[in-house]
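Residues per chain are reported as follows:
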Amino acid sequence: EIFCIVKSLPAQAGQKLQAKSEEFIIRLIKIDGKSAEIKNKDDADKALSGLRNSDYKIFDLRKREVKKSPYPPFTTSTITQAAARLFGWSAKRTMFIAQRLYEEGLITYHRTDSTSLSNEAIDKVRAFIKNNFGEKYLPETSRFYKTKSKVAQEAHEAIRPTGVNSKFQIQNSKFEKQGEMLYELIWKRFVACQMADSLYDETRIDVLALGQSEAKQSEYLLRASGQVMKFDGWRKVIPVSKNEEPQLPNVNKDEPLQLIKVDAKQKFTEPPSRYSEASLIKKLEELGIGRPSTYAPIISTIQIRNYVEKNEGKFYPTPVGVAVNDFLLKYFTQVFDYGFSAEMEADLDNVANGKRKWVLMMKDFYSPFGKRLLEVEAKSKRIKIETEKLGKKCPKCEKGELVIRIGRFGKFVSCSRFPDCDHSEKYVKKLGMKCPECKKGEVIIKNTKTGRKFYGCSRYPECKWASWQNPNLKPHNSGPDLQA
């Protein structure tokens, strides 16, 4: 893709000067009336050369009003996703803090897949909006939200504050600050869900560039799209982030533009991104796997059993996880189909509602499953788990090679000839750089008692430097270093 950075030229005779000349980015979409297909470096070089020697002007402007409705109130799934995205919390931590808030009577039950709200709660929050923000922020009618999950039980309301004016106060609690953060998140989402739409002017700017390319006149069409907020509405409570909406300057048709820079970005077909806690919970909900009470245990279990490990917030399968996955998919295909869990949940709901006998339901499931279990136990062989080699000889037997294995307590180093050689030692993962504080020790990866990863100096306790962020990277919003 090819982009240009342009800005408006100083006003000429008869033209109105802008209060402020702002730069904006435009993307190449057409060359000589045809779709801009940049297939190789030669095509890119020709287009870049032509754009650098072109005159730019506003070709077309299109504006339309756009309304954006507020998000629905939180469910267990959406609150764990939001806390993971905004605070970097695990699902387990979010549910633990939500439990404390619930026990203090500050929020409604936090294990729910329903987005519905009681009429009493809606009436109270609408009165609060009218009194604190004014009539224009209150829609004519109350908002009601439909639950999207096919297997939702909707036994409870959405997660909301028990009182819209209440404040979070827990004395002598180490989770006080985190509780305030989560309560504020729930409060804002609840209030915003009953507020008026936010209004935007959606603008599309088409720019025409005329120039020379290989001794011929070429015509380039470039485009920029963005939105300008006219009325904040529910965004009064949940402000828009700076990077969320691209802002465009106020320009006029046929207005000349000045080229600042031309740039090309090579795009490749990228594989799907790895799951984070937030995206994995979202996927589980989409597939109908699990319930509000099981999202956090599912995430915890796959880590405790070392099926996956978390690296920079993303899940990566371990050799144990790959081996278990391959074995189950090979021998228990029917049970490990995505639709099985959702179908089982539906059957259990039918049992709870008296529409189906639980004995017959379990017989339908276990008769073929039990038979398959015996067959697999008799025929299958022990699966070999791949090990990572360290390229060093075993110091005990001097015959085998040191490899990384995964045990009950995580990774450890052992001899490849195990059980013939029982040598083992602690596994220390090094980052390949010196400690930024003492300049003597090496940066190693450690884990807290709760399993959270952090970076520390190998000379601890002589050097107590530690950090949540990878010192090899430049985090967008890095916090202060930890003290171990």
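Residues numbered from 1 in each chain as written. Predicted model: local features only at pLDDT ≥ 70, side-chain atom pairs only at ≥ 80, totals over all residues. Heavy atoms only, no water.

K.L.:
Give me the lowdown on the overall build of the protein chain, citing residues and values where you can.
P.N.:
On a plain count of helices and strands, the protein chain comes out with ten helices and 18 strands. For the protein chain, the proportion of its 484 residues judged to be buried stands at 36%. In the protein chain, the proportion of contacts linking residues at least 24 apart, taken out of those at least 6 apart, comes to 63%. Counting every atom, the protein chain has about 30,800 Å² of accessible surface; 50% of that belongs to carbon and sulfur. (Helix = DSSP H or I, 4+ residues; strand = E, 2+ residues; numbered from the N terminus. Buried < 20%, exposed > 50% of the residue type's maximum accessible area, 1.4 Å probe, protein only. Contact = heavy atoms within 4.5 Å. Areas by Shrake-Rupley, 256 points an atom, 1.4 Å probe, with all protein chains shown as cover.)

K.L.:
Can you explain the packing of aromatic side chains? Please cite residues and give values.
P.N.:
For any pair of aromatic rings, the description rests on two quantities: the centre-to-centre distance and the angle between the ring planes. One pass over the structure, following the stated rule, counts 14 aromatic pairs. When the centroid spacing of 4.8 Å and the interplanar angle of 50° are considered together, the rings of F87 and W89 count as tilted. Taking the relative accessible area as the measure of exposure, W89 reaches 4% and is therefore buried. Taking the centre distance of 5.3 Å and the plane angle of 70° together, the rings of Y102 and Y109 count as edge-to-face. (Phe/Tyr/Trp six-rings, centres within 6.5 Å; stacked < 30°, edge-to-face > 60°.)

K.L.:
Could you give an account of the packing of helix 2 (residues 76-87) against helix 5 (residues 176-192), naming the residues involved and the relevant values?
P.N.:
Where helix 2 contacts helix 5, the two axes come as close as 11 Å, and the packing angle between them is 120°. In terms of orientation, helix 2 and helix 5 fall into the oblique class. Note that helix 2 runs across helix 5; the crossing there is right-handed. From helix 2, T78, I79, A82, A83, L86 and F87 reach across to helix 5, where they touch M181, L182, L185, I186 and R189. For the contact of helix 2 with helix 5, the class distribution of residues is nine nonpolar, one polar and one charged. (Axes fitted to C-alpha atoms, helices over the stretch in contact; angles between N-to-C directions. Parallel < 35°, antiparallel > 145°, perpendicular 65-115°, else oblique. Left-handed = near helix turned anticlockwise from the far one by under 90°. Nonpolar A, V, L, I, M, F, W, Y, C, P; charged D, E, K, R; others polar.)

K.L.:
Explain the environment of N119 to me, and be specific about the residues and the numbers.
P.N.:
Positionally, N119 belongs in helix 4 (residues 119-133). Under the relative-accessibility criterion, N119 is labelled exposed at 54%. Between the C-alpha atoms of N119 and S142, which are 23 residues apart in sequence, the distance is 9.2 Å.

K.L.:
Would you mind going over the nonpolar core in detail, with residue names and values included?
P.N.:
If you look at soluble globular proteins, the nonpolar side chains tend to sit buried side by side. If you look at the biggest cluster of nonpolar residues, it comprises 48 residues, and the most contacted ones within it are L182, I186 and V191. Counting residues per element, the ones that place at least two in this core are helix 2, helix 3 (91-103), helix 4, helix 5, helix 6 (277-287) and helix 7 (295-304). Considering each element in turn, this core owes the most residues, eight residues, to helix 5. In terms of nonpolar packing, the next biggest core, distinct from the first, is built from 21 residues, V6, F24, I58 and Y220 among them. (Core = buried A, V, L, I, M, F, W, Y, C linked by side-chain atoms within 4.5 Å.)

K.L.:
Lay out the environment of R382 in plain terms, naming residues and giving numbers.
P.N.:
You can see R382 is positioned in the loop between helix 10 (358-379) and strand 10 (388-393). Residue R382 is classed as exposed on the basis of its relative accessible area, which comes to 83%. Measuring from C-alpha to C-alpha, the distance between R382 and F327 comes to 9.7 Å, with 55 residues separating the pair along the chain.

K.L.:
I'd like to hear about the confidence of the model for the protein chain, residue by residue, with values.
P.N.:
In low-pLDDT regions, the fine details of the predicted coordinates are not to be read closely. Per-residue confidence for the protein chain averages 82 on the pLDDT scale, and 87% of its residues sit at or above 70. Throughout residues 12-20 the model reports pLDDT below 50, and contacts reaching past four residues in sequence, or to other chains, amount to nine contacts. Under a pLDDT of 50 for its full length, residues 474-484 has, in the predicted model, 16 contacts with residues more than four places off or in other chains. (pLDDT = per-residue confidence, 0-100.)

K.L.:
Got a sec to walk through the pattern of salt bridges? Specific residues and values, please.
P.N.:
Going through the model one piece at a time under the given rule, you end up with 18 salt bridges. Linking K188 and E184 is a salt bridge whose minimum nitrogen-to-oxygen distance equals 3.2 Å. Linking K188 with E184, this pair stays in helix 5, spanning four residues, or about one helical turn. K188 gets classed as partly exposed once you look at its relative accessible area, which sits at 28%. Judged by its relative accessible area of 41%, E184 is partly exposed. Each of E65, D201 and K230 takes part in salt bridges that share partners, so that together they form one network. (Salt bridge = Lys/Arg side-chain N within 4 Å of Asp/Glu carboxyl O.)

K.L.:
Break down helix 8 (residues 319-331) for me, citing the residues and quoting the values.
P.N.:
Here helix 8 spans 18 Å end to end across 13 residues, near enough to the 18 Å set by a 1.5 Å rise per residue. Those residues of helix 8 that fall on the buried side of the exposure criterion are V320, G321, A323 and Y331. The arc that holds every buried residue of helix 8, seen down its axis, measures 165°, which confines them to one face. If you follow the buried residues of helix 8, they end up packed against helix 10 and strand 11 (401-407). (Expected span 1.5 Å × (residues − 1). Arc of directions from axis to C-beta.)

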